[in-house]
Amino acid sequence: MITEFTDSEREDLPSASSLERTALCAGSPRESRGLPEILSPDMKRYAESGDRAHLWLSAPDMIDLSPWPDELEIAQSCLKLRQDVARKVFGEIQPGDLIEGVEQRFWHYGPSAPALRDHVKKFSGKLDYWAYHSGQNKLLVVDYKSGRGDQTEASSNLQLRSQMVLLAENLTSSVPVIGVGPLLAYTAIIQPLVSHEPEICQYGPAEISAAQRELRAILIRADDPKAKLTPGEKQCKFCPARLKCKAAATVLQEVHDTKLTALIGLAPADMAALLEKCAVADILIKSARSHAKAHLKDKPDCIPGWTLSPNPSIREINDAEAAFNALVGFGMTSKVFLSECCSVSIGAIEKAVKELAEGRNEKCTKKMATEIVNTNCAKLITMKPKEPSLEKVKP
C-alpha cells in the first residue's frame, strides 16, 4: 500500500531535507502545505532501512540490527568514518573537548529574531550528528546516507549547508563559552556504500554569512503567496504535491500533445527542452501507477478495467553448500555445480576478501578489497557492455 505520513516535528514549514526542492520551485512549500508525504512500497522499504541505521548510530542500545547484518555493517562504517572525519577536523580529541548532538532539530527564525523567537519560526533541520569544540571555535555537521544513490557533494549540498547555518546560529545564541578566533564550520556527507573518503567542506566567517544570506533569500521567495511553481525532475520527484500540481500537470499535457512526427528534425535545444518535460512526466506517471497498484491491492475491483497481474512465487536456494550436499547422491559433482549452477558475484567476493583480511587483523578497506580482486582475478573478469542510459549532464 501507499504510505502517507506527516512529520509534525517540522510544523508544516520548509526543512533542510527539502531545501533544494524549495530553491528550484519556490511555490512547492505552499502547494505541499498540509499534505502528507507519500511513499511507495519500495520508497518505504528504503526509508525504514535508513531509519534503522540512523537509530543505531544515535542510540545503539535501542535497536538490535543483527536481523539486518548489511545494515549493521553500513551503520558501523558510518560511525568509523564519522570518527575519522572528527579527527581530521579537531585533531586528537580528549574526553570533554566536544559538545555533541545526534538527531537534533534546530530552528531558523525570521529577521525579527531574537525578540520574537517563539513566534517566527521559518525553517528547521534535523542534524544526524554535530559537534562543537569551544577551544578551537570549530563546528562540524555530518549527514549520513545509507544507500547507493548519487548525492550532491558536500561543498554544494544545500541541505548540509543549511544545517551548518542552523547550528552556527543556534550555537552562537546558546553556548556560554565561545573559543578564541573566528568561527570555522565543517560539513561532511558519510555514505560508505559510495566512498570511504568523505569530502570535508570548510566554511570561514564570510562563507557562513553567505550561506545564511542564501538560506534567507530562498525562504523569502518561498514566503511569497504568488511564488512561482517550476516543475523539474529533481523538485518533483519527492514533492508531496506532485499529483495535484497544476504546473506539473501542464508539463504532462505538453508531452502528451507532442506529435511523434514532430520529433524528426527537432532542433537539439528543443529536444533538450522536451527531455526535461519527459522527466517530469515520468515521475507523475510512476506516481499514478504506484497509487493505482496500492488501491487495487486493498480493493481489487476499485478501478474499472484494471487489475493486478498474477504474482507467482519465485523459487530460491539461499544455502549453496546444503544444496550441493543434497544432490551429491544423484551424481552432482563440485565441478558441475560450480560451473553450471552457480553465478559469481564480484561484490560478494570483495566483501568476503575484506572480512577474511579483517579476521586476520589486517587493514582492508572496501577499495583495497576491490584492488585485490581486480589484481588476482584480472584474467577472469570480463566486461559486459550495457546499453547506455539517458541522463542529464551534471553542471
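Residues numbered from 1 in each chain as written. Predicted model: local features only at pLDDT ≥ 70, side-chain atom pairs only at ≥ 80, totals over all residues. Heavy atoms only, no water.

**Some remarks on the overall build of the protein**
Counting secondary structure elements, the protein contains 13 helices and seven strands. In the protein, the proportion of contacts linking residues at least 24 apart, taken out of those at least 6 apart, comes to 67%. Summed over all atoms, the accessible surface of the protein reaches about 25300 Å², with 56% contributed by carbon and sulfur. Distance between charge centres in the protein, computed from 50 positive and 52 negative side chains, equals 4 Å. (Helix = DSSP H or I, 4+ residues; strand = E, 2+ residues; numbered from the N terminus. Contact = heavy atoms within 4.5 Å. Areas by Shrake-Rupley, 256 points an atom, 1.4 Å probe, with all protein chains shown as cover. Lys, Arg positive; Asp, Glu negative; His and termini not counted. Charge placed at Lys NZ, Arg CZ, Asp CG, Glu CD.)

**Observations concerning the pairing of strand 4 (residues 121-133)**
Every other side chain in a regular strand lies on the same face of the sheet, so the side chains alternate between the two faces. Along strand 4, ten of the 13 residues are buried, which leaves the element largely enclosed by surrounding structure. Two strands pair when backbone bridges link them, and strand 3 (residues 98-109) and strand 4 are joined in this way by eleven bridges, in the antiparallel orientation. In the sheet register, tryptophan 107 faces strand 4, and the bridge partner there is serine 124. Where strand 4 and strand 5 (residues 138-144) come together, five bridges link them in antiparallel fashion. Looking across to strand 5, one finds that tyrosine 129 is bridged to valine 142. (Buried < 20%, exposed > 50% of the residue type's maximum accessible area, 1.4 Å probe, protein only. Pairing = 2+ DSSP bridges.)

**A few points about the confidence of the model for the protein**
For the protein, mean pLDDT is 87; residues scoring 70 or higher make up 91% of the total. Within the model, the stretch residues 1-6 combines pLDDT values under 50 with 22 contacts to residues more than four positions away or in other chains. (pLDDT = per-residue confidence, 0-100.)

**A closer look at the packing of helix 8 (residues 246-257) against helix 9 (residues 268-298)**
One way to put it is that helix 8 packs onto helix 9 with a least axis distance of 9 Å and a crossing angle of 110°. Taken together, the axes of helix 8 and helix 9 are roughly perpendicular relative to one another. Residue-level contacts link Ala248, Ala249, Val251, Leu252, Glu254 and Val255 of helix 8 to Lys277, Cys278, Val280, Ala281, Leu284 and Ile285 of helix 9. (Axes fitted to C-alpha atoms, helices over the stretch in contact; angles between N-to-C directions. Parallel < 35°, antiparallel > 145°, perpendicular 65-115°, else oblique.)

**A closer look at the state of the cysteines**
The final tally for this structure, using the stated rule, is zero disulfides. The thiol sulfur of cysteine 78 is not disulfide-bonded, and the nearest other cysteine sulfur, from cysteine 364, lies at 19 Å. Free of any disulfide, cysteine 236 has its nearest neighbouring cysteine sulfur in cysteine 245, separated by 6.2 Å. Take cysteine 236: its relative accessible area is 7%, and that puts it in the buried class. (Disulfide = S-S within 2.5 Å.)

**Side note on the pairing of strand 7 (residues 200-203)**
By the alternation rule, side chains of strand 7 split into Cys201 and Tyr203, which are all buried, and Ile200 and Gln202, of which none is buried. Taken together, the four bridges between strand 6 (residues 184-190) and strand 7 define a ladder with antiparallel strand orientation. Looking at the pairing, tyrosine 186 lines up with glutamine 202 of strand 7.

**Some remarks on the pattern of salt bridges**
Here the structure, examined in full by the defined rule, presents 18 salt bridges. Put simply, lysine 277 and glutamate 254 hold a salt bridge, and the shortest N to O gap is 3.0 Å. Of this pair, lysine 277 sits in helix 9 while glutamate 254 sits in helix 8, placing them 23 residues apart in sequence. Connected through shared salt-bridge partners, Glu9, Arg105 and Lys126 make up one network. (Salt bridge = Lys/Arg side-chain N within 4 Å of Asp/Glu carboxyl O.)

**Some points on the packing of helix 12 (residues 346-359) against helix 13 (residues 366-376)**
In the contact formed by helix 12 and helix 13, the axes pass within 9 Å of each other and the chain directions differ by 115°. Classed by the angle they form, the pair helix 12 and helix 13 counts as roughly perpendicular. Both helix 12 and helix 13 take part in a crossing whose hand is right-handed. On the side of helix 12, the interface is formed by Ile346, Ile349, Glu350, Val353 and Lys354, while helix 13 contributes Lys366, Ala369, Thr370, Ile372 and Val373. Counted by class, the contact of helix 12 with helix 13 contains six nonpolar, one polar and three charged residues. (Left-handed = near helix turned anticlockwise from the far one by under 90°. Nonpolar A, V, L, I, M, F, W, Y, C, P; charged D, E, K, R; others polar.)

**With respect to unusual backbone geometry**
Even without being glycine, glutamate 11 reaches a positive phi, approximately 55°. Mapping glutamate 11 onto the fold places it in the loop between strand 1 (3-5) and helix 1 (19-24). A positive phi angle is found at asparagine 137, which is not glycine, with a value near 55°.

**So, the environment of leucine 72**
Tracing the sequence through the fold places leucine 72 in helix 4 (residues 69-90). In sequence terms leucine 72 and tryptophan 56 are 16 residues apart; their C-alpha atoms lie 8.2 Å from each other.

**Some remarks on the side chain of arginine 82**
Considering the arrangement of structural elements, one finds arginine 82 in helix 4. Put simply, arginine 82 is tucked away with no salt bridge, and the nearest opposite charge, on glutamate 100, sits 4.6 Å away. Discounting chain neighbours no more than four positions away, the residues touching arginine 82 are Tyr129, Val142, Tyr144 and Ile190.

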